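Architecture at a glance
Chain residues, written in single-letter form:
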Amino acid sequence: MLRVTEIFRSIQGESTHAGRPCTFVRLTGCPMRCVWCDSEYTFTGGEHYSIDSIMAQVNAFGCRLVEVTGGEPLAQKEAFTLIKRLCDESFEVLVETGNYVSTASLDPRAKVILDVKCPASAEEPRNDWSNLERLRADKDEVKFVIADEADWEYAKKVIKEHDLETRTNAILISPVWGQVNLEQVANWIAGSGLNVRMQLQLHKYIWGPEVRGV
Ligand code: SF4
């Protein structure tokens, strides 16, 4: 059984898959406490679902793209089984994970979106750096949520030290909602010469930052 906060169909709001129809399976619980977290409602509660029950709901929505997210989805061991089942049933699977739990046991058919924690999150010391060694240039993406210029400098350092421009499908720079001047971030990126992309959270612009299940 897995503890699930919500399962819903929407468009993908982030990553290079933004704008595509997508079913989201949002699992409950997270061992991290990023200070700017926008999904604290996942920390507690949720309902227990069998994998068969989750698959029935995912199949009913009819999207071929499925994102398993949280919370921290990989904090529940059975999430690895769910992801394998989704891959077995030929879904295109995205796994958004906060770089705390090891991705070593993840089904290799799933695409990883690895959320590397920057200093302003207050969770940077908990990054599992071995996850970066497993990134695959043809499918995986790395995300840096940045709250200030120090986070941007940190992201640049990690990108260079781990050669992420050649070892990932995309590097996403995602400003914390309402906390960073977007024009400034655009200028930092434009002037960096790095092969990164600015990412805005599309769903928040469409439905507003507080609306859930979209
Ligand atoms: S890892 Fe994600 S869900 Fe967990 S506290 Fe950080 S932002 Fe929130």
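Data block above holds the structure.
**Focus: the layout of surface pockets**
Its volume calculated, the largest pocket comes out at about 900 Å³. Taken together, 44 residues form the lining of the largest pocket, with Glu-14, Arg-26, Asp-38, Ser-39 and Gln-201 sitting closest to its centre. Broken down by secondary-structure element, the contributors of at least two residues to the lining of the largest pocket are strand S1 (2-11), strand S2 (21-27), strand S4 (65-69), strand S5 (92-97), strand S7 (141-146), strand S8 (170-175) and helix H7 (202-207). Examining the composition of the lining of the largest pocket, we find that 3 residues originate from one element, S1, more than from any other. Among the residues making up the lining of the largest pocket, the classes are represented as 17 nonpolar, 13 polar and 14 charged.

**Let's talk about the side chain of Arg-26**
Secondary-structure assignment places Arg-26 in strand S2. A distance of 2.7 Å separates the side chain of Arg-26 from the side chain of Glu-6, its partner in a polar contact. Here Gly-70 takes part through its backbone oxygen, which lies 2.7 Å from a polar atom of the side chain of Arg-26. Other than its neighbours up to four places away in sequence, Arg-26 contacts Val-4, Thr-5, Glu-6, Phe-8, Tyr-41, Thr-42, Thr-69 and Gly-70.

**Re the sheet that holds strand S3 (residues 47-49)**
Pairing between the strands of a sheet is mediated by backbone hydrogen bonds and can be parallel or antiparallel. One open sheet accounts for 9 strands, arranged S3-S1-S2-S4-S5-S6-S7-S8-S9; its pairing is mixed. Every other strand in the sheet has two partners, leaving S3 and strand S9 (197-198) as the edge strands with one partner each. Sheet topology note: the S1/S2 ladder contains 7 bridges and is antiparallel. Counterpart to Ile-11 in the pairing with S2 is Pro-21. In this fold helix H4 (residues 149-161) packs onto S7 and S8, with an angle of close to 160° to the strand it touches most, S7.

**Quick notes on the pairing of S7**
Burial runs high along S7: 6 of the 6 residues are buried. Residues Glu-141, Lys-143 and Val-145 point to one face of S7 and Val-142, Phe-144 and Ile-146 to the other, with burial holding for every one of them. For strand S6 (residues 111-116) and S7, the ladder comprises 4 bridges, and the chain directions are parallel. Along S7, the bridge assignment pairs Leu-114 with Val-142. Across 6 bridges, S7 lies against S8 in parallel orientation.

**Comments concerning the side chain of Asn-131**
Structurally, the position occupied by Asn-131 is in helix H3 (residues 130-133). Relative accessible area serves as the criterion here: at 2%, Asn-131 is assigned to the buried category. Within polar-contact distance, the side chain of Asn-131 engages the side chain of Asn-99 at 2.9 Å. Sequence-distant contacts of Asn-131, that is, excluding residues within four places in its chain, are made with Asn-99, Val-101, Ser-102, Thr-103 and Leu-114.

Rules of the game
- Residues numbered from 1 in each chain as written.
- Predicted model: local features only at pLDDT ≥ 70, side-chain atom pairs only at ≥ 80, totals over all residues.
- Heavy atoms only, no water.
- 1 Å grid on protein atoms, 1.4 Å probe; cavity = no way out; pocket = protein on both sides within 12 Å on 5 of 7 lines; lining within 4 Å.
- Points joined across faces, edges and corners; volume = space filled by probe spheres on them.
- Helix = DSSP H or I, 4+ residues; strand = E, 2+ residues; numbered from the N terminus.
- Nonpolar A, V, L, I, M, F, W, Y, C, P; charged D, E, K, R; others polar.
- Polar contact = N/O pair within 3.5 Å; in protein donor to acceptor, adjacent residues only side chain to side chain.
- Contact = heavy atoms within 4.5 Å.
- Pairing = 2+ DSSP bridges.
- Axes fitted to C-alpha atoms, helices over the stretch in contact; angles between N-to-C directions.
- Buried < 20%, exposed > 50% of the residue type's maximum accessible area, 1.4 Å probe, protein only.

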